[in-house]
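Each chain is listed here by its residues.
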Amino acid sequence: MREIVLQTKQLTKRYKSFTALDQADMTVNRGDIYGLIGRNGAGKTTIMKIITGLTEATEGEYSLFGQNGKAADKRKIGCLIENPAFFGNMTAYQNLRYYCLQKGITDLKQIDDALELVQLQEARNKKFRKFSLGMKQRFGIAFAMLDNPDLIILDEPINGLDPIGISELRETFHKLNQERGVTLVISSHILSELYAVANRFLFIDKGKALKEVTKQELDLECSRCLVVKTDDTQMAATILENSLHITNYKVIDNGEIRIYDENAKPDVISLTLVQQDVRLLGLYESGVSLEDYFKQLVEEESK
């Protein structure tokens, strides 16, 4: 069983009559790149602020590295939530040296290690005000890495970047995760970009955690498929395998089978099931884009 790095239970944050976060549950395992998906104002930043100690929850609890979140060693966490005040007329090295002094970090070699990690070692002596937006985002990650954390929390790091900047940041995420073994929690309202790096996702809207899924589960939910609706999925599945030699399918619940075989023919499936006395309640094509999938979750929650 994988080690749980971060877990929230019924996490809630209210500001007088406004509920910014409403009983949110999430579980982040060691080694995850965990994507928080939601529109602006959905509650993503509120979760991150509670976890990093920037604000307190109204209700609920959270744990970090197996300890109560409030008592856990926050030095194991690096974060980039509200942009730190970097000094425009100071170089990258000077900025990070300033924050090393603030954090009590005495080994200044960690500055060059952090810059190298985000591919900014050549900009070591460049003034911060001359950085591009993509460089500033990666520099923020270098700042978050100064303490060599096990968990990094990043709020909308992709926002405003051009395709090249996004690609560079994506490489940085993979490098942190695969070479350093860092667990990442990244928020964004751009699902397609998070999909390219994350292995698990939490969809959130209006403060409510709608659904937590793995990338594999998300792929299955969104893949083009034939949906068979029946009141006897066990018999239908047996017929699919034995009579039609279809094995690439998944029984979703007691009333639905999803067939992912590209060569499956709806008319043949329908006829075969009916001939063998399976009551067919529906047969149709399905599959949605990532964005449409999120829209469906939001619509289902609002019903």
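Residues numbered from 1 in each chain as written. Predicted model: local features only at pLDDT ≥ 70, side-chain atom pairs only at ≥ 80, totals over all residues. Heavy atoms only, no water.

(A) Structural detail: the overall build of the protein chain. Check the secondary structure of the protein chain and you find ten helices and 14 strands. Expressed as a percentage of its 303 residues, the buried residues of the protein chain come to 46%. Summarising the internal contacts of the protein chain: among those between residues at least 6 apart in sequence, 67% fall at separations of at least 24. Accessible area of the protein chain: about 15,600 Å², with a carbon and sulfur share of 45%. Computed over 39 positive and 43 negative side-chain charges, the inter-centroid distance for the protein chain is 9 Å. (Helix = DSSP H or I, 4+ residues; strand = E, 2+ residues; numbered from the N terminus. Buried < 20%, exposed > 50% of the residue type's maximum accessible area, 1.4 Å probe, protein only. Contact = heavy atoms within 4.5 Å. Areas by Shrake-Rupley, 256 points an atom, 1.4 Å probe, with all protein chains shown as cover. Lys, Arg positive; Asp, Glu negative; His and termini not counted. Charge placed at Lys NZ, Arg CZ, Asp CG, Glu CD.)

(B) Quick peek at the sheet that holds strand β4 (residues 59-64). Across the sheet, four strands lie side by side as β2-β1-β4-β5; this open sheet has antiparallel pairing. Here the strands that pair on one side only, and so sit at the sheet edges, are β2 (18-29) and β5 (67-68). Seen against the sheet, helix α1 (residues 44-51) touches β1 (4-15), β2 and β4 and runs at an angle of roughly 65° to β2. (Pairing = 2+ DSSP bridges. Axes fitted to C-alpha atoms, helices over the stretch in contact; angles between N-to-C directions.)

(C) The arrangement of the packing of aromatic side chains in detail. Taken as a whole and assessed by the stated rule, the structure comprises 13 aromatic pairs. A centroid spacing of 5.7 Å and a plane angle of 80° characterise the contact between F86 and F143, whose relative ring orientation is edge-to-face. Of the two residues, F86 is situated in the loop between β6 (77-80) and α2 (92-103) and F143 in helix α4 (residues 133-144); the sequence distance between them amounts to 57 residues. We note that F86, like F143, is buried. A centroid spacing of 5.1 Å and a plane angle of 85° characterise the contact between F87 and Y98, whose relative ring orientation is edge-to-face. Of this pair, F87 sits in the loop between β6 and α2 while Y98 sits in helix α2, and the two are eleven residues apart along the sequence. Residue Y98 is classed as partly exposed on the basis of its relative accessible area of 32%. Through successive ring pairs, a cluster of aromatic residues spans F86, F87, Y98, Y99, F128, F131, F139 and F143. If you follow K215 out to its NZ or CZ, it ends over the ring of Y195, 4.4 Å from the centre. (Phe/Tyr/Trp six-rings, centres within 6.5 Å; stacked < 30°, edge-to-face > 60°. Lys NZ or Arg CZ within 6 Å of the ring centre and 35° of its normal.)

(D) A look at the packing of α2 against α4. It is at 10 Å that the axes of α2 and α4 come closest, and there the two elements cross at 30°. The orientation of α2 with respect to α4, classified from their angle, is roughly parallel. Taken as a pair, α2 and α4 cross one another with a handedness that is right-handed. Along its contact with α2, which presents A92, N95, L96, Y99 and K103, the element α4 presents F139, A142 and F143. In terms of residue class, the contact of α2 with α4 is built from six nonpolar, one polar and one charged. (Parallel < 35°, antiparallel > 145°, perpendicular 65-115°, else oblique. Left-handed = near helix turned anticlockwise from the far one by under 90°. Nonpolar A, V, L, I, M, F, W, Y, C, P; charged D, E, K, R; others polar.)

(E) Just the sheet that holds strand β11 (residues 225-230), in detail. The strand order across the open sheet formed by four strands is β12-β13-β11-β14, and the pairing between neighbours is antiparallel. In this open sheet, the two strands that pair with only one neighbour each are β12 (249-253) and β14 (280-286). Direction aside, neighbouring strands of the sheet carry axes that sit 20° apart on average. Sheet topology places β11 next to strand β13 (residues 256-259); four bridges connect them, and they run antiparallel.

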